[in-house]
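Report on the structure
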Amino acid sequence: MIGAKPTRLSPKVLRNLRERTIEFVLFLAALSSVVTTIAIVAILVYESILFFQKVSLWEFLTDTQWTPLFDDKHYGIWPLVSGTLVTTVVALIVAIPLGTIIAIYLSEFAPPLVREIIKPALELLAGIPTVVYGYFALLFVTPLLQVIFPELPGFNMLSAGLVIGTMIIPYVSSLSEDAMRAVPAHLREGSYATGATRLQTALRVVVPASISGISAAYILGISRAVGETMIVAIAAGGQPNLTWNPMEPAATMTAYIVAVSLGDLPHGTLEYETIFAVGLTLVLMTLVFNIIGHFLAKRYREIY
């Protein structure tokens, strides 16, 4: 009709349209992470199937030598697994006690001003490039350890593990402290009312009440240590060696993947396909740790 005013959407319709648009964008963001994860796993599985068509799974799991790049080829994954586990255990020996102690101090004892200084300073450790940590382990920590252990070689898993542990302290301490601060104040007040000290309250009330969050922090630290690449590639040595002695050099799964990926091996060869078999093994190990963390968090979760 001539002279009619153009129709306008009501404020309610506009609000619903904006909310639907925001919801759709958030859904796409969440979906992208799922699609990326599925694509990574699919590529690893596909390439690993090609590898296991040429190398038996039994040899992969039972052989004690890993020499796919030499004339005498062996495809036993255990030398890489042992290097990964040893460096991870050394890192956890450093990170879990120190991270937990720092979390208890920041949550229960530190004044607000001190907490505002220490916590960001700790989190800065997580922002340092891992290649810097690697050269720190090689050029500072290893010579320092050689003063105590003169027979320690220049490349060893001990210095790499110690520096990895230092690197993951912020992951353990920050998440653990957040879990402890989430414990309701009335639990602390009830403990104080019975005559408990601050340390007794922290150890016997706050820590047990936040154990699900603390265990999740530990699992995250384990996953971060298992997946570390540059520190072990620089400081631990690159030779696969089936040993459980942290004072010896060895290669980890991530270090091997980097070494082969940066080489000149042609795509499609058996040697090149080994990195996908190793990558799939690493993903499965990390998945196991995360499943354990999920069940621990679910089992000990406290609802207030």
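Bear in mind the structure is a predicted one, so any value in this text is a computation, not a measurement.

1. As for the side chain of R188
- If you trace the backbone, R188 turns up in helix 7 (residues 185-193).
- By relative accessible area, which is 13% here, R188 ends up buried.
- Dropping the residues within four chain positions of it, R188 is found in contact with S107, E108, M180, R181, V183, T201 and V206.

2. Describing the nonpolar core
- By size, the foremost hydrophobic cluster in this structure holds 55 residues, and its most contacted members are W66, L80, I164 and I168.
- Elements represented by at least two residues in this core include exactly helix 1 (11-52), helix 3 (78-109), helix 5 (130-148), helix 6 (157-181), helix 9 (211-226), helix 10 (230-235), helix 11 (253-261) and helix 12 (270-299).
- Here W66 is in contact with F60, H74, Y75, G76, I77, P79, L80, P240, Y256, T274 and V278, once residues within four sequence places are set aside.
- In this structure, A103, M180, V206 and I214 belong to the second largest nonpolar core, which totals nine residues.

3. Comments concerning the pattern of salt bridges
- Tallied over the entire structure, the rule returns eight salt bridges.
- When the shortest N-O distance is used, the salt bridge between R115 and E177 registers 3.8 Å. Here E177 lies in helix 6 and R115 lies in helix 4 (residues 112-125), a separation of 62 residues in the sequence.
- Residue class for R115 comes out buried when judged on its relative accessible area of 16%.
- Through salt bridges that share partners, R115, K119, E177, D178 and R181 make up one connected network.

4. What about helix 3?
- In this model, helix 3 (32 residues) spans 44 Å end to end at C-alpha, consistent with the 46 Å of a helix rising 1.5 Å per residue.
- Considering bend angle alone, the principal kink of helix 3 is centred on L92 and spans about 25 degrees.

5. Examining the packing of helix 6 against helix 9
- In contact at an axis separation of 8 Å, helix 6 and helix 9 are set at 160 degrees when each is read in the N-to-C sense. The angle between helix 6 and helix 9 falls in the class roughly antiparallel. In the packing of helix 6 onto helix 9, the handedness of the crossing is right-handed. Within the contact between the two elements, helix 6 uses I164, M167, I168, Y171, V172, L175, S176, A179 and M180 and helix 9 uses G213, I214, A217, Y218, L220, G221, R224 and A225.
- When the residues that make up the contact of helix 6 with helix 9 are grouped by side-chain class, the tally is 13 nonpolar, three polar and one charged.

6. Structural notes on the environment of F155
- Considering the arrangement of structural elements, one finds F155 in the loop between helix 5 and helix 6.
- Between the C-alpha atoms of F155 and G238, which are 83 residues apart in sequence, the distance is 8.8 Å.
- Those residues in contact with F155, other than ones at most four positions away along the chain, are L138, I234, A235, A236, G237, E248 and P249.

7. Focus: the layout of surface pockets
- Roughly 220 Å³ of volume is contained in the largest pocket.
- What lines the largest pocket is a set of 16 residues, and nearest its centre among them are L69, G238, P240, Y256 and A259.
- Per element, the largest residue contribution to the lining of the largest pocket is five residues, and it comes from helix 11.
- By residue class, the composition of the lining of the largest pocket is twelve nonpolar, four polar and no charged.

8. Describing a nonpolar patch on the surface
- A surface patch of nonpolar side chains, about 730 Å² in accessible area, is lined by F24, V25, F27, L28, L31, V34, V35 and I38.
- Structurally, the position occupied by L28 is in helix 1.
- The exposure class of L28 is partly exposed, given its relative accessible area of 41%.

9. Remarks on the side chain of E273
- In this structure, E273 sits in helix 12.
- According to the relative accessible area criterion, E273 is buried, its value standing at 4%.
- Excluding anything up to four places from it in sequence, E273 contacts E47, L50, F51, K54 and G268.

Each value, and the rule that gives it
- Residues numbered from 1 in each chain as written.
- Predicted model: local features only at pLDDT ≥ 70, side-chain atom pairs only at ≥ 80, totals over all residues.
- Heavy atoms only, no water.
- Helix = DSSP H or I, 4+ residues; strand = E, 2+ residues; numbered from the N terminus.
- Buried < 20%, exposed > 50% of the residue type's maximum accessible area, 1.4 Å probe, protein only.
- Contact = heavy atoms within 4.5 Å.
- Core = buried A, V, L, I, M, F, W, Y, C linked by side-chain atoms within 4.5 Å.
- Salt bridge = Lys/Arg side-chain N within 4 Å of Asp/Glu carboxyl O.
- Expected span 1.5 Å × (residues − 1).
- Bend = angle between axes of the 7 residues up to and from the residue.
- Axes fitted to C-alpha atoms, helices over the stretch in contact; angles between N-to-C directions.
- Parallel < 35°, antiparallel > 145°, perpendicular 65-115°, else oblique.
- Left-handed = near helix turned anticlockwise from the far one by under 90°.
- Nonpolar A, V, L, I, M, F, W, Y, C, P; charged D, E, K, R; others polar.
- 1 Å grid on protein atoms, 1.4 Å probe; cavity = no way out; pocket = protein on both sides within 12 Å on 5 of 7 lines; lining within 4 Å.
- Points joined across faces, edges and corners; volume = space filled by probe spheres on them.
- Patch = residues over 30% accessible without salt bridge, like charges linked within 9 Å, V, L, I, M, F, W, Y side chains within 5 Å.
- Areas by Shrake-Rupley, 256 points an atom, 1.4 Å probe, with all protein chains shown as cover.

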